[in-house]
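Architecture at a glance
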Amino acid sequence: MDETPTWRRGSLTGNSELCFSFGVIADIQYADLEDGYNFWGSRRRYYRHSLHLLQSAVDEWNKEDSQLEFVLQLGDIIDGFNAQHKTSESALRRVMNKFKKLRIPIHHTWGNHELYNFTRDYLTQSELNSKSLEDQIFLGSAASGQDSPGATAEEHYYAYHFSPVPKFRFILLDAYDLSILGRDKSTQKYQDSLKLLKEKNPNENLNSPTGLAEPQFVEFNGGFSQTQLDWFNEVLAFSDTNQEKVVVVGHIPVHPGSSESVCLAWNYKDALSVIHSHQCVVCFLAGHLHDGGYYLDSHGVHHLTLEGIVETPPESHAFGTIYVYDDKLVLKGRENLHDDAYSFKPDK
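Residues numbered from 1 in each chain as written. Predicted model: local features only at pLDDT ≥ 70, side-chain atom pairs only at ≥ 80, totals over all residues. Heavy atoms only, no water.

When its secondary structure is counted, the protein shows eight helices and 15 strands. Counting across all 348 residues of the protein, residues that qualify as buried make up 59%. Within the protein, counting contacts between residues at least 6 apart in sequence, those at least 24 apart form 69% of the total. When the accessible surface of the protein is totalled, it reaches about 14,500 Å², and 48% of it is carbon and sulfur. (Helix = DSSP H or I, 4+ residues; strand = E, 2+ residues; numbered from the N terminus. Buried < 20%, exposed > 50% of the residue type's maximum accessible area, 1.4 Å probe, protein only. Contact = heavy atoms within 4.5 Å. Areas by Shrake-Rupley, 256 points an atom, 1.4 Å probe, with all protein chains shown as cover.)

Attention now moves to the environment of Ser16. Considering the arrangement of structural elements, one finds Ser16 in the loop between β1 (7–8) and β2 (18–25). Separated by 308 residues in the primary sequence, Ser16 and Val324 place their C-alpha atoms 9.8 Å from one another.

This part covers the packing of helix α7 (residues 226–241) against helix α8 (residues 268–276). Contact geometry for α7 and α8: axes closest at 9 Å, N-to-C directions at 20°. Comparing their axes, α8 and α7 come out roughly parallel. In the packing of α7 onto α8, the handedness of the crossing is right-handed. The residues of α8 that touch α7, namely those facing Leu229, Phe232, Asn233 and Leu236, are Asp270, Ala271, Val274 and Ile275. (Axes fitted to C-alpha atoms, helices over the stretch in contact; angles between N-to-C directions. Parallel < 35°, antiparallel > 145°, perpendicular 65-115°, else oblique. Left-handed = near helix turned anticlockwise from the far one by under 90°.)

Looking now at the confidence of the model for the protein. Summing up the model confidence of the protein, the mean pLDDT is 88 and the portion of residues at 70 or higher is 85%. Predicted confidence for residues 1–13 stays below pLDDT 50, and this span has 27 contacts to residues more than four positions away or in other chains. Predicted confidence is poor over residues 139–144, with pLDDT under 50, and the contacts of this stretch with residues over four places away or in other chains come to eight contacts. (pLDDT = per-residue confidence, 0-100.)

Time to look at the pattern of salt bridges. Two side chains with opposite charge may pair up if their charged atoms get near one another. One pass over the full model with this rule turns up 17 salt bridges. With its nearest N and O atoms 2.3 Å apart, the salt bridge here joins Asp174 to Arg120. Here Asp174 is found in the loop between β8 (168–172) and α6 (188–200), whereas its partner Arg120 is found in helix α5 (residues 120–124), with 54 residues between them in sequence. Each member of the pair, Asp174 as well as Arg120, is classed as buried. Put simply, Arg183 and Asp177 hold a salt bridge, and the shortest N to O gap is 3.3 Å. (Salt bridge = Lys/Arg side-chain N within 4 Å of Asp/Glu carboxyl O.)

Pairing in this open sheet of six strands is mixed, and the strands run β7-β8-β9-β10-β12-β11 from one edge to the other. Two strands in the sheet have a free side with no partner beyond their single neighbour: β7 (160–162) and β11 (293–296). Ignoring which end each strand starts from, the neighbouring axes of this sheet average 15° apart. Along the sheet, α7 contacts β7, β8, β9 (245–249) and β10 (281–286); its crossing angle with β8, the most-contacted strand, is approximately 175°. (Pairing = 2+ DSSP bridges.)

With that out of the way, let us pick up the environment of Asp240. In this fold, Asp240 is placed in helix α7. Separated by 40 residues in the primary sequence, Asp240 and Cys280 have C-alpha atoms spaced 5.5 Å apart. In contact with Asp240, other than residues within four places in its own chain, are His278, Gln279 and Cys280. Here the side chain of Asp240 touches Cys280 through a polar contact of 3.2 Å, landing on its backbone nitrogen. (Polar contact = N/O pair within 3.5 Å; in protein donor to acceptor, adjacent residues only side chain to side chain.)

Attention shifts here to α8. Among all positions in α8, only Tyr268, Ala271, Leu272, Val274 and Ile275 are buried. Looking down the long axis of α8, one finds its buried residues gathered within 160° of arc, a one-sided arrangement. (Arc of directions from axis to C-beta.)

This part is about the packing of aromatic side chains. On inspection of all chains with the given rule, the structure shows 17 aromatic pairs. Ring plane angle 10° and centroid distance 5.0 Å describe the contact between Phe22 and Phe70, whose orientation is recorded as stacked. Of this pair, Phe22 sits in strand β2 while Phe70 sits in strand β5 (residues 68–73), placing them 48 residues apart in sequence. For the pair Phe22 and Phe70, a shared accessibility class is recorded, and that class is buried. When the centroid spacing of 6.0 Å and the interplanar angle of 65° are considered together, the rings of Tyr158 and Tyr160 count as edge-to-face. (Phe/Tyr/Trp six-rings, centres within 6.5 Å; stacked < 30°, edge-to-face > 60°.)

Right, here's the structure in full:
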């Protein structure tokens, strides 16, 4: 019987050899605006200063002693207020100019704030589509993010996978595949998503979780279509067969232990069911909940939700580098992100 793994806080040393490392950053939400507050008015947001924090993250990553393979940008790269001020494109340009100073690839996920600012069609044609970095090991419509041969660009989901080194694979999921954000109202996915949301949330304000049995069914969250989950299952089956360790990446957390219930993916249980049906997944990385969170589930999967840059005070920070070993992930955090080690189950 396998020993139940433990989360070894601060256990950063060991005899295993470093395989590679990568940078992580979440919820930059840049806007050229004075400080504001979150949806509930309880947390200060440093919209303008988030660009300076990104710059310092880029500077630190470029100085890393160990060669980084890539950076994961976990979504919400600019704030939704840009759409109101008609500054979406200029704000995105400023942020991307900072990222371009990196000497390594950047993998982008999409969050709700991307979809407040842009349509999915726009995002697909933009620099926030990093799908060109994917591995081409599967063929067919599912592998290209297309739900069916007749689906339009607006119906596609944005998901892909890549292997930076042998025996390790990363899968980026589209947590707003089911959503009323960013999709044309004439599409079937928009209609299906709106129907589901209204069935689960009778409130006039669809961003309000008041009185809901399932608080995650709010407009600022989203979910995964069955077609995407089938594709996800197929990739994980490939990784099982090839004895790979897999890190899954999505903007929205999928485990209640790593997030407040109001910030979970709509059908997080379906995503967890796919993850738990395979042996290969070692970690799920997410953003969205700016406080951050962590949970080690019963299957030995580490669910790590990163703190958001936008709510990080100017004198602090919240980005990190993750060092990957054969037997663990080691997060070397900056300021708000603490140093931690996440051990793999013996059978992972």
